[in-house]
Amino acid sequence: MTTTIDEVRDFILQLPDAESVAQVQEAAVQRLRGIDKAAFARIQSGRRARITPSVRSKLLRGLTGTVQERNRTGTRAGFLLDEESTRQLRDHPRNSHYRIPENVRRFRIPGSGVPISCLELVED
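Residues numbered from 1 in each chain as written. Predicted model: local features only at pLDDT ≥ 70, side-chain atom pairs only at ≥ 80, totals over all residues. Heavy atoms only, no water.

S.K.: Got a sec to walk through the overall build of the chain? Specific residues and values, please.
M.R.: What the chain contains, in helices and strands, is three helices and five strands. Mapped in sequence order, the helices and strands of the chain form the string α-α-β-β-β-α-β-β. For 124 residues, the compact-globule estimate of 2.2 N^0.38 gives 14 Å, and the chain exceeds it by more than 25% at 20 Å. If you line up the chain on its principal axes, its C-alpha atoms span 65 × 30 × 25 Å. (Helix = DSSP H or I, 4+ residues; strand = E, 2+ residues; numbered from the N terminus. Rg over C-alpha atoms; globule rule 2.2 N^0.38 Å.)

So, in structure tokens, the structure goes:
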């Protein structure tokens, strides 16, 4: 017999204390991590990808490059822009955040990289 989402909600509403609710929250977090891991398993180091419109920085939206190593939790990855995207970012009139010297052909997005959920694979 399958439990419905309404039954789950009713169960949670009847929990006696904050500790019990916190345990349910932790179980939900673990499940969401598993779902995310499965959903983005194909986005691996060395694959070509495009940064999707869901990324926070408008400057990075639509740029393409190569996925680098993932962070410890697997939620973000380094990202090395291809030559054309490097040129676009360097020449963007609103770019005051990313300093890219003229002699740099491929620019690596600094910091902790790009959220995996903001990458889509590009077929070669």
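S.K.: Tell me about the sheet that holds strand S5 (residues 119-121), residues and numbers included.
M.R.: Pairing within the open sheet is antiparallel, and its five strands lie in the order S4-S3-S2-S1-S5. Two strands bound the open sheet, and with one partner strand each, they are strand S4 (114-115) and S5. Strand direction decides the pairing type here: strand S3 (residues 76-81) and S4, joined by two bridges, are antiparallel. Counted as the bridge partner of Ala 77 is Val 114 from S4. (Pairing = 2+ DSSP bridges.)

S.K.: I'd like to hear about helix H3 (residues 83-91), residue by residue, with values.
M.R.: Turning to H3, its buried residues number three or more, namely Ser 85, Thr 86, Leu 89 and Arg 90. When H3 is viewed along its axis, its buried side chains cluster within an angular range of 135 degrees and face the same direction. Against strand S2 (64-70) and S3 lie the buried residues of H3. (Buried < 20%, exposed > 50% of the residue type's maximum accessible area, 1.4 Å probe, protein only. Arc of directions from axis to C-beta. Contact = heavy atoms within 4.5 Å.)

S.K.: If you had to explain the nonpolar core to someone new, which residues and values would you point to?
M.R.: The biggest cluster of nonpolar side chains holds 21 residues, and the ones touching the most others in it are Ile 51, Leu 60, Phe 79, Leu 89 and Leu 119. Of all elements in the fold, only strand S1 (48-51), S3 and S5 reach the threshold of two or more residues within this core. Top contributing element to this core by residue count: S3, with three residues. (Core = buried A, V, L, I, M, F, W, Y, C linked by side-chain atoms within 4.5 Å.)

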